[in-house]
Each structure stands twice: as structure tokens, then as C-alpha cells.
Amino acid sequence: MFGIFKPRTFFNLANTSIFWLKIILVFALIVGLVLALVFSPIDYLQKDTVRIMYIHVPSSWISLFIFLIIGISSFISLIFKVRVFSVYAKSLAPIGLVFSLISVVTGSLWGYPTWGTFWSWDGRLTSMFILVLTYILYVSLWLIIKNYNSAEKITNIVGIVGLINIPIIKFSVAWWNTLHQPASITLTAAPTIHSSMLAPLLIMFFSFCILSLIIFLIRYKYEIINFRVNKK
Amino acid sequence: MILQFLNMGGYGLYIWLSYAFAALSLTVLYYVSVKKLNSIKNIEHLYQSEKVEEVTVSAQANRF
């Protein structure tokens, strides 16, 4: 069942695909940035600050999605004892941490000119802050605990417990009164933003996904080599 | 024209700070990752030359 996830598959993928992924990234990033900073129209309410959305929203999506993978991987690693999944989670965690920080910082920088404050302890912002703390805890535990088996078990538990926060972040804008606006793009309904703004948003999201994949493959390769060599 | 573009309707400071923070943090993450990998590149052959066991959910599950 988990044969497709064997280390060699991703190791070979890392060796062969990183160069081409970098080329795709450069093109997508150039197109995305030009659309976001030059051609995207000014929003009638947010004015030019809407341009911050083109990095804030993709970063938020990626940080949530990565933690979802970390949680599922931790569960598989803990329950089915397939250790490669904890390596996936360990390799992904720093990427998720950086994207969650970008989401929080850019959100604050957008909030000041729009809401009049950098921060508010409402549902969405607080749950996102908890996600950042969970990422910091997860990454720190791997750094602090020297015994691999102990670190694996404890981080697996953190990954599974941290999953509880993902639906809270997603539905916080519906459950509580919040400064944060509801989602403009969902999987179940047509987007409520104009195509001229949707295009740069999706291209920047695509660019960040490619960049995440490149960094993941690099970190995964490191973790696999490091694990096997240290085990000898 | 360039100043007008940089000013971004008076919100340039917030916009450019956001993009600079994202660019800087992602660049640091990328280079730290590459540096870590390069630090053990000289022992990569130890992994490459080995016959790698399949990952299964059987008794072999704790091995790579």
C-alpha cells in the first residue's frame, strides 16, 4: 500500500527534477510578480494594498496544506510504523514554518493600512498564530531531541494534535466575529474575485508550490542520506 | 514614473516590506537547505550504492 512512497522514488525524483522545476519556477515567478505588481488593478476598497494579497493568501494556503500533510504523515508514521513518513514531515516542517511566518507578517503589514491595526486577537489571527507556534515547536523538537526514535514519536504526536487547529483556522471566519474577511476562493463555489486579480493570485500560488517542492526535495534528500549514514 | 510605481498609491512601504520579507525568508530557507545538503554530498555515494529495502507495513516497516 505504501510502496509508492519508498525513499528511492523521491530520492530519484529529487535527482532528476530539481533542475527543471527551477526553470519552471523562474518563469512562473516572473509572470506572477509582473501581474501582481504592475498589471493587477487597484481594489476599490483596499487600494494598492491588494498587492500584498498575492503573497499573503498563497503563503497561508501552503502553510495550512503542509501542516495537513505533516499531520497525516505523523499519523501514518505513528500507527503503521512507516518511518519514511516522519522523514516527509520533518523535511516539510521548516517550509511550512517559513510560509506561516510570511502569512502572519504580510497579513499584519496589510492590516495596518486597511484595518488601522497590525494585530487583533480574533479567531483567524489567533488560530494562525497558534499554527506558527506549533510549527516552531515541531521544528524545535527535532533540533533539541538527539535520540531519533524519541524525537520521531514526540513530533508525530505534535503533528497529530496540531491537526485540530487546521479546521479551526479554516472556519474561524464563519464561527466568530472577526476582522478577517471570509474566503473569496473555495473548492465548492465559484471565486468571488475578478479574473484580473485571480490570475496573479493563482500564478503566485503555483510558483510557491514549485518552490516548496524544490526545497522539500532538497531537504528530503539530506534527511534520507543523513539518516542512513548515521544509522550505520 | 518609477517613483510613482515605488510609491504604490502611498502604500509602497507596506507592500515592499511584505515582498522583501517573503523574498528574504524564502531565499534564506533555500540556501540553508542547499548548504545542509552540500555538507553531506561527499557521502551521498554511501546511499546511492546501496540496495535499498522496500518500505512495507510488515516487520520491515522500521527500516528505510
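Residues numbered from 1 in each chain as written. Chains lettered and ligands numbered in written order. Predicted model: local features only at pLDDT ≥ 70, side-chain atom pairs only at ≥ 80, totals over all residues.

### Points about the overall build of chain B
Here's step 1: What chain B contains, in helices and strands, is three helices and zero strands.
Here's step 2: The secondary structure elements of chain B, listed N-terminal to C-terminal, are α-α-α.
Here's step 3: Per-residue burial for chain B yields a buried fraction of 17% across its 64 residues. (Helix = DSSP H or I, 4+ residues; strand = E, 2+ residues; numbered from the N terminus. Buried ≥ 20, exposed ≤ 12 C-beta atoms within 10 Å, placed from the backbone.)

### Structural notes on the overall build of chain A
Here's step 1: Within chain A one finds seven helices and zero strands.
Here's step 2: Scanning chain A from its N terminus toward the C terminus, one meets helices and strands in the order α-α-α-α-α-α-α.
Here's step 3: For chain A, the C-alpha radius of gyration of 19 Å lies close to 17 Å, the compact-globule estimate for 232 residues.
Here's step 4: If you line up chain A on its principal axes, its C-alpha atoms span 60 × 40 × 30 Å.
Here's step 5: For chain A, the share of sequence-separated contacts (at least 6 apart) that also reach a separation of at least 24 residues comes to 78%. (Rg over C-alpha atoms; globule rule 2.2 N^0.38 Å. Contact = placed C-beta atoms within 7 Å.)

### Some remarks on the packing of helix 2 (residues 50-80) of chain A against helix 5 (residues 148-162) of chain A
All names here are of chain A.
Here's step 1: Helix 5 packs onto helix 2 with a crossing angle of 130° between their chain directions and a minimal axis gap of 8 Å. In this view, helix 2 runs oblique relative to helix 5, as classed from their interaxial angle. Like other packed secondary-structure pairs, helix 2 and helix 5 cross with a definite hand, here left-handed. Between helix 2 and helix 5, the contacting residues are F67, I70, G71, S74, F75, S77 and L78 on the first element and E152, T155, N156, G159, I160 and G162 on the second. (Axes fitted to C-alpha atoms, helices over the stretch in contact; angles between N-to-C directions. Parallel < 35°, antiparallel > 145°, perpendicular 65-115°, else oblique. Left-handed = near helix turned anticlockwise from the far one by under 90°.)

### Comments concerning helix 3 (residues 84-115) of chain A
Residues and elements named next belong to chain A.
Here's step 1: In this model, helix 3 (32 residues) spans 44 Å end to end at C-alpha, consistent with the 46 Å of a helix rising 1.5 Å per residue.
Here's step 2: Along helix 3, the sharpest change in direction is near 30° and occurs at L92; proline P94 comes one to four residues later.
Here's step 3: Within helix 3, 27 of the 32 residues are buried, leaving the element largely enclosed by the surrounding structure.
Here's step 4: Looking at the residues trailing helix 3, positive phi occurs at G116, about 90°. (Expected span 1.5 Å × (residues − 1). Bend = angle between axes of the 7 residues up to and from the residue.)

### Thoughts on helix 1 (residues 7-39) of chain A
The α-helix winds at 3.6 residues per turn, so residues separated by three or four positions along the chain end up facing the same way.
Here's step 1: Approximately 50° is the largest bend angle found in helix 1 of chain A, and it occurs at A:S17.
Here's step 2: Of all the residues in helix 1 of chain A, the buried ones are A:P7, A:F10, A:A14, A:G32 and A:A36.

### Brief notes about unusual backbone geometry
Here's step 1: Its identity as a non-glycine residue notwithstanding, A:K81 has a phi of 55°, on the positive side.
Here's step 2: Looking at the element boundaries, A:K81 is found in the loop between helix 2 and helix 3.
Here's step 3: On the neighbour-count criterion, A:K81 (15 C-beta atoms within 10 Å) is partly exposed.
Here's step 4: A positive phi is found at B:M8, a non-glycine position, where the angle reads about 50°.
Here's step 5: Relative to the elements of secondary structure, B:M8 occurs in the loop between helix 1 (2-7) and helix 2 (12-39).
Here's step 6: Given 19 C-beta atoms within 10 Å, B:M8 falls into the partly exposed group.

### What to know about the confidence of the model for chain B
Residue and element names in this part refer to chain B.
Here's step 1: Taken residue by residue, chain B gives an average pLDDT of 77. The fraction at 70 or more is 62%.
Here's step 2: When pLDDT is averaged over each element of chain B, helix 2 comes out on top at 94 and helix 3 (residues 44-48) at the bottom at 60.
Here's step 3: Confidence estimates for the predicted assembly give a pTM of 0.88 and an ipTM of 0.89. (pLDDT = per-residue confidence, 0-100.)

### Focus on the environment of B:N38
Residues and elements named next belong to chain B.
Here's step 1: Mapping N38 onto the fold places it in helix 2.
Here's step 2: Classification of N38 as exposed rests on a count of 11 C-beta atoms within 10 Å.
Here's step 3: In the structure, N38 is positioned 27 residues away from Y11 in sequence and 41 Å away in space, judged by C-alpha atoms.

### Examining the environment of B:L24
Residues and elements named next belong to chain B.
Here's step 1: The topology assignment puts L24 in helix 2.
Here's step 2: Overall, L24 belongs to the exposed group, with 11 C-beta atoms counted inside 10 Å.
Here's step 3: With 15 residues separating them in the primary sequence, L24 and S39 have C-alpha atoms 22 Å apart.

### Remarks on the environment of A:V105
Here's step 1: Within the secondary structure, A:V105 sits in helix 3.
Here's step 2: Separated by 49 residues in sequence, A:V105 and A:H56 place their C-alpha atoms 8.5 Å apart.

### A look at the packing of helix 2 of chain A against helix 3 of chain A
All names here are of chain A.
Here's step 1: One can describe the packing of helix 2 onto helix 3 by two numbers: an axis separation of 7 Å at closest approach and a directional angle of 150°. In terms of orientation, helix 2 lies roughly antiparallel with respect to helix 3. For the crossing formed where helix 2 meets helix 3, the hand is left-handed.

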